Amino acid sequence: MEIIMTIINGLSIGGTYAMIALGYTMVYGIAKMLNFAHGDIIMVGGYTIVLFFPISPIIGVIASVIFCVTVGIVVEKSAYKPLRGASPLAVLITAIGVSKLLQSSAQIFLGSEPRGITFNFGNIQIGSVSISVLTLITILCSVAVMVALTLFVKYTKTGRAMIAVSEDRGAAQLMGINVNFIIMITFIIGSALAAIAGVFLVFKVQDVGTTFGAMPGIKAFAAAVIGGIGSIPGAMVGGLVLGFIEAICGMVPALSPYTDAIEFAILIIVLLVKPTGFLGKKRREKV
Amino acid sequence: MALLEVKNLDVHYGVIQAIKNISFEVNEGEIVTLIGANGAGKTTTMQSIMGLIHPSHGEIYYNGQKINGIPSHKIVKLGMTQVPEGRRIFSELTVYENLLMGAYTRNDKDGIEKDFKDIYALFPRLEERKNQIAGTLSGGEQQMLAMGRAIMSKPKLLMLDEPSMGLSPLLVDQVFEIIKHFHEIGTTILLVEQNANKSLAISDRAYVLENGKIVLTGTGKELLASEEIKKAYLGG
């Protein structure tokens, strides 16, 4: 029975991490940059659902997605696009700056006190196991998102163009692909996924502060690296790996205080043993 | 009027000048070759035309329209594309998907379907392997795929950068046959090659690049007969 609970928790936590990790990995693969402000998009989504929830839960979710996507587009256009072709270090520092900007803006407009919501989704009883409805929705939603994204990338023109740009930007341009447009689409998808993850996290922990996105953000980044940064299936696998570690640690009282340490230790081990991550490919440097 | 006209082009990489004031033109229906040794500036010239690198001085005209400064993807829409050096196929996509990427700018479903048929007729190997991941193809097959992918955009002007590089003599012959075929179906060709013999033989005109400058120009036949060229490029 505990095993079933662990699997369900692992899927739910892992699905959330995977949704965030997909944003990191797609932006890395396509725009060739680490978007360290990605975690703060989760925070933006979290605040939005808290503010709009009293109106209607559905409107809250939609508002979260719309607002996060808007912030993602504005950040891409104003902060990252002007740096296309700049040194990776300049882009990285800019991303950290954007992260601080988003956190500080949240503090200015919404104050430094955490905002909370309480909403009980209830439980359902399956056999002798009682599962929270929120956990089930999280699992179903993250699976749906991952399937949809996989189909989008494989079977649409824009999706295939994303693969082409991530593999060889110059050759993609020779096909007539507008690279800036593809990068924009990537930010839109990544921000929408972060918004959905943010909504689930808020319902789980029930309050949101300005650094709300930091920890899930860094863990999802670790998940993306474990799975192989740049690889979409890799981000899903990496997310689930961390999710299951967290679920297992949560079930074992002796391990649970060390959950974070164990997760990051696994990251270090993976980097030592297979630096490209589980599904990452070593790219040949062209000369 | 020339289909492609390059006027007084200068390209710098930092302080190093790779292209020094070159001018040349390609008329509609021609096959024109740029020949030159490694590092002469052939690839730099090609990439400048496609807007992948930005010249420090000079103008490039396509059909009378100035195209330097226009983003590469818009240049492709105007009707020209390039088979890049080293093929640069999308190794994670299938053969079919690679060809489909070539047709990225097109929306005429029927026309695309017809062109798939033409390409498969021209390269039966590609049809046999259409669902195979392109990275698993042999070098020769990858070159065929790169050429097929480029022609899928239905370019008026097709540029090929060292298409025979690294291929066996048999495949080199095949590549030149295909270039001739593309020309016969109405495509204007700008070719960059180190294989001066084969490329001059099919060219209407050619330019010789040396250290970023055009040092010699003439018809394919004239250059094939030229003593200088024989010494420097034809091994005799």
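Residues numbered from 1 in each chain as written. Chains lettered and ligands numbered in written order. Predicted model: local features only at pLDDT ≥ 70, side-chain atom pairs only at ≥ 80, totals over all residues. Heavy atoms only, no water.

What follows deals with the sheet that holds strand S2 (residues 16-27) of chain B. Residues and elements named next belong to chain B. The antiparallel open sheet is built from four strands, whose spatial order is S2-S1-S4-S5. In this open sheet, the two strands that pair with only one neighbour each are S2 and strand S5 (65-66). Judged from the two bridges that link them, strand S4 (residues 57-62) and S5 form a sheet pairing that is antiparallel. Residue pairing across strands places Tyr-61 opposite Lys-66, the latter belonging to S5. (Pairing = 2+ DSSP bridges. Helix = DSSP H or I, 4+ residues; strand = E, 2+ residues; numbered from the N terminus.)

At the junction of the two partners, chain A supplies 21 residues and chain B supplies 24 residues. The contact between chain A and chain B buries some 2,100 Å² in all, and 60% of this surface belongs to carbon and sulfur atoms. At the boundary of chain A with chain B, the tally comes to two salt bridges. For A:Asp168, the salt bridge goes to B:Arg88, with nearest N and O atoms at 2.8 Å. Joining chain A to chain B, the criterion identifies eight residue pairs in polar contact (both at pLDDT 80 or more). Elements supplying a minimum of two residues to the side of chain A that touches chain B: helix H6 (157-167) and helix H7 (169-174) of chain A. Considering every element that reaches the side of chain A that touches chain B, the biggest residue donor is H6(A), with six residues. (Contact = heavy atoms within 4.5 Å. Buried area = accessible area lost by both parts, 1.4 Å probe. Salt bridge = Lys/Arg side-chain N within 4 Å of Asp/Glu carboxyl O. Polar contact = N/O pair within 3.5 Å; in protein donor to acceptor, adjacent residues only side chain to side chain.)

Residues and elements named next belong to chain A. Taken as a whole, this structure holds eleven aromatic pairs over all chains when the rule is applied. Judged by centre distance (5.4 Å) and plane angle (65°), the ring pair of Phe-36 and Phe-221 falls under edge-to-face. Of this pair, Phe-36 sits in the loop between helix H1 (2-31) and helix H2 (38-52) while Phe-221 is found in helix H9 (residues 214-227), placing the two residues 185 residues apart along the sequence. Residue classification places Phe-36 among the partly exposed residues on the basis of a relative accessible area of 24%. A relative accessible area of 17% places Phe-221 in the buried class. Both rings, one in Phe-119 and one in Phe-203, keep their centres 6.2 Å apart while their planes meet at 55°; by these two values the pair is tilted. (Phe/Tyr/Trp six-rings, centres within 6.5 Å; stacked < 30°, edge-to-face > 60°. Buried < 20%, exposed > 50% of the residue type's maximum accessible area, 1.4 Å probe, protein only.)

Another point: unusual backbone geometry. Residue and element names in this part refer to chain A. The phi torsion at Lys-32 lies on the positive side, around 55°, for a residue other than glycine. Counting through the fold element by element, Lys-32 comes out in the loop between H1 and H2. With phi around 70°, Gln-206 is a residue other than glycine that occupies positive phi space. Tracing the chain through its elements places Gln-206 in the loop between helix H8 (179-205) and strand S4 (207-208). The class for Gln-206 is partly exposed, based on a relative accessible area of 30%.

Residues and elements named next belong to chain A. Taken as a whole and assessed by the stated rule, the structure comprises two cavities of 30 Å³ or more. There is about 60 Å³ of room inside the largest cavity. If you go around the largest cavity, the residues you meet are Val-27, Asn-35, Ala-37, His-38, Ile-41, Gly-72, Val-75, Phe-187, Gly-190 and Ser-191. Here the lining of the largest cavity is built from residues that sort into five nonpolar, five polar and no charged. Of the residues assigned to the lining of the second largest cavity, the class counts are four nonpolar, five polar and no charged. (1 Å grid on protein atoms, 1.4 Å probe; cavity = no way out; pocket = protein on both sides within 12 Å on 5 of 7 lines; lining within 4 Å. Points joined across faces, edges and corners; volume = space filled by probe spheres on them. Nonpolar A, V, L, I, M, F, W, Y, C, P; charged D, E, K, R; others polar.)

Structurally, the α-helix is built with 3.6 residues per turn, so residues lying three or four positions apart point the same way. All names here are of chain B. Over its 14 residues, helix H4 (residues 109-122) runs 20 Å from end to end, which matches the ideal 20 Å to within 8%, given 1.5 Å per residue. Within the span of H4, buried status applies to Gly-111, Ile-112, Asp-115, Phe-116, Ile-119 and Tyr-120. Buried residues along H4 sit against helix H3 (95-102), helix H5 (124-128) and helix H6 (139-151). (Expected span 1.5 Å × (residues − 1).)

Now for the side chain of A:Thr48. Tracing the sequence through the fold places A:Thr48 in helix H2. Sequence-distant contacts of A:Thr48, defined by excluding residues within four places in its chain, comprise A:Ala63, A:Ser64 and A:Phe67.

This paragraph deals with the pairing of strand S2 (residues 123-126) of chain A. Residues and elements named next belong to chain A. Two elements, S2 and strand S3 (residues 129-132), share four bridges in a ladder whose sense is antiparallel. The residue of S3 that forms the bridge with Ile-124 is Ile-131. Where S2 hands over to S3, the hairpin turn is made up of two residues, of which Gly-127 adopts a positive phi near 60°.

Evaluation of the coordinates by the stated rule reveals 16 salt bridges over all chains. Put simply, B:Asp108 and B:Arg106 hold a salt bridge, and the shortest N to O gap is 3.0 Å. Each member of the salt-bridge network shares a partner with another, and the members are A:Lys219, A:Glu246, A:Asp260 and A:Glu263.

This next bit is on the sheet that holds strand S6 (residues 80-83) of chain B. The strands making up a sheet associate through hydrogen bonds between their backbones, and the pairing can be parallel or antiparallel. All names here are of chain B. Taken together, six strands build an open sheet; the order of strands is S6-S7-S8-S3-S9-S10 and the sheet is mixed. Edge positions in the sheet fall to S6 and strand S10 (213-219), since each has one partner strand and no second. Direction aside, neighbouring strands of the sheet carry axes that sit 15° apart on average. Relative to the sheet, H6 contacts S6 and strand S7 (157-161), its axis offset from that of S6 by approximately 175°. (Axes fitted to C-alpha atoms, helices over the stretch in contact; angles between N-to-C directions.)

What follows deals with the packing of H6(B) against helix H7 (residues 169-184) of chain B. Residue and element names in this part refer to chain B. Running from N to C, H6 and H7 cross one another at 10°; their axes reach a closest spacing of 11 Å. Classified by the angle their axes make, H6 and H7 are roughly parallel. Counting all contacts with H6, which are made through Gly-140, Gln-143, Met-144, Met-147 and Ile-151, the residues of H7 involved are Leu-171, Gln-174, Val-175, Ile-178, Ile-179 and Phe-182. (Parallel < 35°, antiparallel > 145°, perpendicular 65-115°, else oblique.)

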